[in-house]
Amino acid sequence: MTLFVLTFFAIYGGMHIYAFFRARSAFGFGAGTGVALAAFMIVMTFSLFLVRTLEYHAYELPARALAYIAYFWMAALFLFCCGSLVLDFVSLLTRTAGWITRTDISSYLLSAKTSLLISLGLALASSLYGYFEALDIRTERLRIETTKLPAGVDKITIAQISDVHLGLIIRGKRLGPMLKAVKDAKPDIFVVTGDLLDAQINHLPGLAGMLREVTARYGKFAIMGNHEYYAGPEKSRAFIKEAGLTLLRDEAAVAGPIMIVGADDRTAAQLKPGNPMPEKELLSRIPRDRFILFLKHQPRIDRASLGLFDLQLSGHAHGGQIFPFMYLTRIPYPMNAGRYDLGKGSVLYVNRGTGTWGPPIRFLAPPEVTVIELVRKNL
């Protein structure tokens, strides 16, 4: 966790430094403007700490206001840096071509000011688009044929949400459309594959009641994600219980004609509030005569477990959330969105995330509610 925090702030701080010098190169501002811009960027770099501190001390309104400013800035800065680096690369290629061909290419080069304004305009436009894309809940459908449904049960419908991140930004107004998509699917089983909550959950009035209104005849189940542990495992468990969800922590439950197994998130071991059971040991205890639905927050695959479950549902990676960040999330999570056939009869499906972490923005990675249909296959 410490390494992650240090790495995050090193990268985020570096983005601010890069943007500062791009701005100075473009506008050539004086010391006063430079100091003011640098001070603002320093505040933004450490704004996440400020948001959490304000929220912890129950200054909810200032915390929410700062969260919106800081997270929108984070998204816009990321997109600005991506655009600027692309233009820098094009400029480098153009200069290299001119040097090789000994041609005057100055007329083909953008000025520092023009380059900055193009990058800034694209970043702001992408951020605005991404804000509305984050509100556009998509229903993704997955069909799985199986011989493990008993006679008389031709289809089981499962609705999955993941990575909602209820907290300062995502409240009832944004949760409502997510749950409407779930209700419209008329699920037999409803599952939440982690990160239902964000790091602070001091003020979530009415949200548990909204989740309780979802009906599913074979049950509603949840597992812990890393953010449930950041919020505090006891508080998280209390909220999940109040929401009418059955929490599975390295345990199994019967859900009508199928079995559901829930794995505790590996963050439990990292933060030392618990010690998750080895995956193969957990799954080996479950009889194989029923369809086994395996809930695991992070889309990591233990090859020793293949064949011990039929379908694994995961989330965590958000599908990258903001393009082109998905190319970075694919480094630790190569399978970070969609369906993957793993072999030995096991399938993985990774939800892109139903909410957002940090910036309330999704760019080319729309939020989703997943509706899985288990269909009886005759032998």
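Our subject is the structure that appears above.
The structure contained in this document is the topic of the report that follows. (Residues numbered from 1 in each chain as written. Predicted model: local features only at pLDDT ≥ 70, side-chain atom pairs only at ≥ 80, totals over all residues. Heavy atoms only, no water.)

### Overview of the state of the cysteines
The full count for this structure, using the stated rule, is zero disulfides. Among the cysteines around Cys81, which has no disulfide bond, Cys82 carries the closest sulfur, lying 7.1 Å off. Under the relative-accessibility criterion, Cys81 is labelled buried at 6%. With relative accessibility at 21%, the residue Cys82 sits in the partly exposed group. (Disulfide = S-S within 2.5 Å. Buried < 20%, exposed > 50% of the residue type's maximum accessible area, 1.4 Å probe, protein only.)

### Observations concerning the pattern of salt bridges
Side chains that differ in sign of charge can pair as their charged atoms come close. Tallied over the full model, the rule gives 19 salt bridges. Two residues, Glu140 and Arg352, come together in a salt bridge whose shortest N-O distance is 2.9 Å. Residue Glu140 is located in strand β1 (residues 138-146), and its partner Arg352 is located in the loop between β11 (346-350) and β12 (368-376); the two are separated by 212 residues in the primary sequence. Look at Arg352 and you get buried, because its relative accessible area is 15%. Each of Arg52, Glu55 and Asp198 takes part in salt bridges that share partners, so that together they form one network. (Salt bridge = Lys/Arg side-chain N within 4 Å of Asp/Glu carboxyl O. Helix = DSSP H or I, 4+ residues; strand = E, 2+ residues; numbered from the N terminus.)

### A look at the sheet that holds strand β4 (residues 220-223)
One open sheet accounts for six strands, arranged β1-β12-β2-β3-β4-β5; its pairing is mixed. At either margin of the open sheet sits one strand with a lone partner, and together these are β1 and β5 (246-247). As paired strands, strand β2 (residues 155-161) and β12 are joined by six bridges and run antiparallel to one another. Bridging from a neighbouring strand, Ile158 pairs with Ile372 of β12. (Pairing = 2+ DSSP bridges.)

### Section: unusual backbone geometry
Cis geometry marks the peptide bond from Phe323 to Pro324, where omega comes out at 5 degrees. Following the sequence through the fold, Pro324 ends up in the loop between β9 (311-314) and α12 (326-329). Phi angles above zero are rare outside glycine, and Arg102 is one such case at about 55 degrees. Considering the arrangement of structural elements, one finds Arg102 in the loop between α4 (60-101) and α5 (112-133). Here the phi dihedral of Leu364 falls at roughly 60 degrees; this positive angle occurs in a residue that is not glycine. Looking at the secondary structure, you find Leu364 in the loop between β11 and β12. Given a relative accessible area of 46%, Leu364 falls into the partly exposed group.

### Notes on the packing of α4 against α5
One can describe the packing of α4 onto α5 by two numbers: an axis separation of 8 Å at closest approach and a directional angle of 135 degrees. Comparing their axes, α5 and α4 come out oblique. The element α4 and its partner α5 pack so that their crossing is right-handed. From α4, Phe72, Ala75, Ala76, Leu79, Phe80, Gly83, Ser84 and Leu87 reach across to α5, where they touch Ser115, Leu116, Ile118, Ser119, Leu120, Ala123, Ser126, Ser127 and Tyr131. (Axes fitted to C-alpha atoms, helices over the stretch in contact; angles between N-to-C directions. Parallel < 35°, antiparallel > 145°, perpendicular 65-115°, else oblique. Left-handed = near helix turned anticlockwise from the far one by under 90°. Contact = heavy atoms within 4.5 Å.)

### Considerations on α5
For α5, which comprises 22 residues, the first-to-last C-alpha distance of 31 Å matches the rise-based estimate of 32 Å (1.5 Å per residue) to within 8%. Buried-residue contacts for α5 involve α1 (2-27), α4 and β1. (Expected span 1.5 Å × (residues − 1).)

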